[in-house]
Amino acid sequence: MRKFKYPKNFETMPEVISAIENTPKGNSIISGCWGSGSSLIIKFLREKLNRNILIITNCPESGDELEDDFEALETTEVFHFPPWDVLPSETEHLEFESLKERLNVLRRLADKDKLKNPAIIITPATALYQPTLNPKNLKNGELSISNGTEISPEGLCAILNDAGLEQSIEVDEPGFFCRRGGIVDVFPIFSNEPFRIEFFGDEIDAIFTFDPITQKSLECIDSCVLIDVSAGTVKNAYSAENKSSIFEHLPTDTIIFIDDPKKCFYMTSLYLEGYKDTNHPLFNDSQINSKLFKFPTNIISELREETWPKNLDEPKKISKIELNTHSMLKIEGSTKHALNELKKAVDEGFKITVFCHNDSTRSRFKELLLEKGFGLAAKINLKIGRISKSVCWPSLKTIYVSGHEIFHRYKHRPRQKHRNIASNPIRDFSELRPGDYVVHILHGIAKFEGISCLTQNGQEGDYMRLLYADEKKLYVPLSHIELVQKYLGGGDAKPTLSKLGGKSWSTKKARAEKAVKEAAADLLRIQAVRKHSVGIKHKGNKDWQQRFEDEFIFDETEDQLNSICDIKKDMKASSPMDRLLCGDVGFGKTEVATRAAFMAVMGGYQVAILVPTTILAEQHYRTMFERMADYPVTVDVLSRFKSTSQQRETINKTKEGLVDILIGTHRILSKDIEFKNLGLVIIDEEQRFGVEHKEKLKHMRVSVDILTMTATPIPRTLHMGLMGLRDISTLTTPPFSRQAIRSQVVRYDKRIIRRAILRELSRNGQIYFVHNRVRNIEHIAVQLSELVPEARIGIAHGQMNEKQLEDIMLKVINHKIDVLVATTIIESGLDISNVNTIFINDADHFGLSELHQLRGRVGRYRNRAYAYFLVPESRPLSKVGQKRLKAIEEFAELGAGFQIAMRDLEIRGAGNVIGLEQSGHIHNIGYEL
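Residues numbered from 1 in each chain as written. Predicted model: local features only at pLDDT ≥ 70, side-chain atom pairs only at ≥ 80, totals over all residues. Heavy atoms only, no water.

What follows deals with the nonpolar core. Grouped together as the largest cluster of nonpolar side chains are 34 residues, with contacts concentrated most on Val 607, Met 628, Val 633, Ile 661 and Ile 682. Within the residue set of this core, elements represented by two or more residues are helix H16 (558-572), helix H17 (589-602), strand S27 (606-610), helix H18 (614-627), strand S28 (635-638), strand S29 (661-664), strand S30 (678-684) and strand S31 (705-710). In this structure, Ile 682 is in contact with Ala 593, Ala 597, Val 607, Ala 608, Ile 609, Leu 610, Leu 707 and Met 709, ignoring residues within four places of it in sequence. Counting 33 residues, the second largest nonpolar core, distinct from the first, contains Tyr 768, Ile 832, Leu 854 and Ala 887. (Core = buried A, V, L, I, M, F, W, Y, C linked by side-chain atoms within 4.5 Å. Buried < 20%, exposed > 50% of the residue type's maximum accessible area, 1.4 Å probe, protein only. Helix = DSSP H or I, 4+ residues; strand = E, 2+ residues; numbered from the N terminus. Contact = heavy atoms within 4.5 Å.)

Have a look at this one:
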């Protein structure tokens, strides 16, 4: 193997270019290419050779890292060609975003005039095995309409239905359409916005775009495309007729790179195994081989002496190039250590470029360089962007450094491809269906039977038909609908229908009114004590606070910014803060709390963070430590993962004021824990704590600021929040790139479990399998090991000793375990972005909020996440269990926490605001009244 001779001009790379151009068919092995070095090579090759490039990666995350690299290196025309992400049993759940991205790549390749430069296409290896449209049919089936187009509403709906779009009552996501008389709403799968078509007879009179959440019409437009190349594809995406692959769409001079080939083909072997014995139309290895070697194919690897993968036919002639790049692991220590290493490199004549997350991080790093002196700031180039891994080219005297390796911020920012605009966070949970119980304010509880059209005084109108006791009916005009509310809060017991004209309803209302007044008086006393207590007027450090917030690597949602504003206002007020921060799982509550904690510490106060589980305490510690690493803030954790002596040391430091932020479970509330200057208490999932702990927190509320976080409020907490009895901030906007978790209630089926696990392994992901019985959890793990021998399986539960549990969780975080079989110990707050499939065994035994919390442990990255609620093969389900599982499957979109809380309230009962009982007046008159 000949060594690569570095050119004087780095950007020409003649040896690599020559190897690809001059070797027959351009096949080569480029080894020893560390980190982001492969992105640099591919960028310059594309520029010098002016040819399209296809990069095959082992998983979507590797593709994301390459996209980050190219973006940081200011490379344009980079596209992602994603795989289908559904199992044979899930083909009704087509991934419209994946379809849209795939079609976009094919269209751009077909329309070369739109490309400013040749394309760089990044695709996971599994996507190669999936069929796509034939190039000849790429433009067939397009349907464009404009004002004046002659077509009937019925004819348009028939065409949309044939194209695979699904008819629904309301259009709020791609792939659906609906008709309301002379109006047809359509959301094409390739479009970023839906269209509203208004007809005059059999002619299109007007076309509007509209907001899929509010359903309000927006801009009037002249024309639009309703069906693109997707015609027939939605229904037939898995049809054997679609036997073309992406290779048929590539220009003949395309150069192919396979990144980490052995892992690529291991992933595809897992993927194909998952589809074994199915009729799913996929290509096999020999077919991919024949398609692949029509193009120059290059292996690129970090390893030295890389060999040709066995899965591919080895060409007769291969150009072998061994690069001598290095990692920059030596900068991974303290920031001070990193600066010393960079100074040594500058002194040795290296040209260094450091990529920072944003302007704030760049400014902070520039300050550190200036503090280091010796003109270091002028000698290092600072750019905005993220590269996956730092790389050093010794012979070229060139170093590219990733800022996250210096600042130890390894949390990866998801690619902001799209917002799931289909997710309306808070829908109308009071929609009525025939058979629902309702409350008429004047006449009491009735059963809603439907809408009737009646003629009254010669005028026709729509009336709600309500059934009361003794089969008597009341017709309420829709103009008086405000008098009728949906009955909520009765638990599983059915309410008694009221008698029309009787006195019992008035009596029940009077009793409830008296009880409400008494409860209100108790609340007023509590609130009065808090309002008249002298609170802490936090001032913080405005400059440092701004810098700290600017360093956040994600884009804040509007709800986050509003909540942060509310909390800052409360913390600056003269009375103690008592605010409930309510947001669905993964909507950014932790960052809001982190900023509040930082503000308190900057003002000279200590912060206590109270969490329900030890694992969550450790996770919050890692998050806080990473976020505050560059500031004079001491973060510590009190958990059973620490020895007795370590805990004693933490307690003493806290008492002396040497710990700024203390994180722990209810241990923090023990008598031996003393704070020197406590100013803020943050409580994560307060409903998980017992009555005794809540009493201690109640006393705290009159002296220090309290911020309570919850993902799915229990009925009583939600009850108080909706009644305005607590200050409440809500996070209802999903972060960019988040997708709804695909949820299914299924009987325990080994085939489904195996295929779903293999699907996750094939995209380099991890899996939770929740089994909430310690006595036989090992038996479940053995069963899974026999079922999926390809997976590395671990066990975690609360009865394990501290060392065992800590080791297991570290193995999961470091991806040394593929499937974690665990109890509900993982329920609260555990955030591992690589886990995107969860099984919940015996799901009918869990509460609704608990199921939602568990489901929220997945889907925290850009990949589609899957939740399987397993019920036994033969055991019948209880009525309550059926209701819970129906609700968890129905409310699967982003932001469904509020809907689930309201359904939980409906199933369990609302309870009393102050007392402990879960029945009473709510049952008699309904929650709303």
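Let us now look at the sheet that holds S27. Strand order in the open sheet formed by seven strands is S28-S29-S27-S30-S31-S26-S32, and the pairing between neighbours is parallel. Lying at the two open borders of the sheet, with one neighbouring strand each, are S28 and strand S32 (727-731). Each strand axis lies, on average, 20 degrees off the axis of its neighbour in the sheet, ignoring direction. Here S28 runs beside S29; their pairing, made up of four bridges, is parallel. Opposite Val 635, over in S29, you have Ile 661 as the bridge partner. Strands strand S26 (578-583), S27, S29, S30, S31 and S32 of the sheet are contacted by H17, whose axis makes an angle of about 165 degrees with S31. Along the sheet, H18 makes contact with S27, S28, S29 and S30, crossing S28 at roughly 175 degrees. (Pairing = 2+ DSSP bridges. Axes fitted to C-alpha atoms, helices over the stretch in contact; angles between N-to-C directions.)

This next bit is on the environment of Lys 336. Following the sequence through the fold, Lys 336 ends up in helix H10 (residues 335-347). Residue classification places Lys 336 among the exposed residues on the basis of a relative accessible area of 63%. Placed 70 residues apart in sequence, Lys 336 and Ile 406 show a C-alpha to C-alpha distance of 9.4 Å.

Strand order in the open sheet formed by five strands is S24-S23-S22-S21-S25, and the pairing between neighbours is antiparallel. If you trace the sheet from one side to the other, it starts and ends with strand S24 (473-477) and strand S25 (484-486), each paired once. Put simply, the sheet's adjacent strands are angled 45 degrees from each other on average, direction ignored. Note: strand S23 (residues 459-467) against S24, five bridges, orientation antiparallel. Bridge pairing links Leu 466 to Leu 474 in S24.

Our focus in this paragraph is the pattern of salt bridges. Using the criterion set out here, one finds 32 salt bridges in the structure. For Asp 672, the salt bridge is made with Arg 667, and the minimal N-O distance between the two is 2.9 Å. Among the residues examined, Asp 672 registers a relative accessible area of 39% and is labelled partly exposed. Take Arg 667: its relative accessible area is 26%, and that puts it in the partly exposed class. (Salt bridge = Lys/Arg side-chain N within 4 Å of Asp/Glu carboxyl O.)

Running from amino to carboxyl end, helix H8 (residues 261-274) crosses helix H22 (residues 750-762) at an angle of 160 degrees, the nearest separation of the two axes being 8 Å. With respect to each other, H8 and H22 are oriented roughly antiparallel. H8 and H22 meet at a crossing whose hand is left-handed. Contacts from Met 267, Leu 270, Tyr 271, Glu 273 and Gly 274 in H8 reach Arg 754, Arg 755, Leu 758, Leu 761 and Ser 762 in H22. Of the residues in the contact of H8 with H22, the class split is five nonpolar, two polar and three charged. (Parallel < 35°, antiparallel > 145°, perpendicular 65-115°, else oblique. Left-handed = near helix turned anticlockwise from the far one by under 90°. Nonpolar A, V, L, I, M, F, W, Y, C, P; charged D, E, K, R; others polar.)

Turning to the packing of H17 against H18, a few remarks are in order. At a minimum axis distance of 11 Å, the contact between H17 and H18 shows a crossing angle of 55 degrees. In terms of orientation, H17 and H18 fall into the oblique class. Like other packed secondary-structure pairs, H17 and H18 cross with a definite hand, here right-handed. On the side of H17, the interface is formed by Thr 590, Glu 591, Thr 594 and Arg 595, while H18 contributes His 620, Thr 623, Met 624 and Arg 627. Among the residues making up the contact of H17 with H18, the classes are represented as one nonpolar, four polar and three charged.

A word on helix H6 (residues 153-162). Pro 153, Leu 156, Cys 157 and Leu 160 are the residues of H6 that are buried. All buried residues of H6 fall inside an arc of 100 degrees around its axis, so they share one side. Each element contacted by the buried residues of H6 is listed here: strand S6 (143-146), strand S8 (176-180), strand S9 (183-187), strand S10 (195-200) and strand S13 (223-227). Just downstream of H6, Gly 164 is the residue with a positive phi angle, here 100 degrees. (Arc of directions from axis to C-beta.)

As a further point, take a nonpolar patch on the surface. A surface patch of nonpolar side chains, about 240 Å² in accessible area, is lined by Ile 451, Leu 478 and Ile 481. Relative to the elements of secondary structure, Ile 481 occurs in the loop between S24 and S25. (Patch = residues over 30% accessible without salt bridge, like charges linked within 9 Å, V, L, I, M, F, W, Y side chains within 5 Å. Areas by Shrake-Rupley, 256 points an atom, 1.4 Å probe, with all protein chains shown as cover.)

Summed over the entire model, instances satisfying the criterion amount to ten aromatic pairs. Here the aromatic cluster, defined as three or more aromatic residues joined through ring pairs, consists of Trp 544, Phe 548, Phe 598 and Tyr 631. Cation over ring: Lys 389 sits above Trp 34, and NZ or CZ is 5.1 Å from the ring centre. The cationic tip of Arg 627 hangs over the ring face of Phe 548; the distance from NZ or CZ to the ring centre is 4.1 Å. (Phe/Tyr/Trp six-rings, centres within 6.5 Å; stacked < 30°, edge-to-face > 60°. Lys NZ or Arg CZ within 6 Å of the ring centre and 35° of its normal.)

Now for unusual backbone geometry. Of note in this structure, Glu 77 is not a glycine but carries a positive phi near 55 degrees. Checked against the element boundaries, Glu 77 lands in the loop between helix H3 (60-72) and strand S4 (78-80). In this structure, His 815 takes a positive phi of about 60 degrees despite not being glycine. According to the relative accessible area criterion, His 815 is buried, its value standing at 19%.

Remember, this is a structural readout, not a statement about activity or role.
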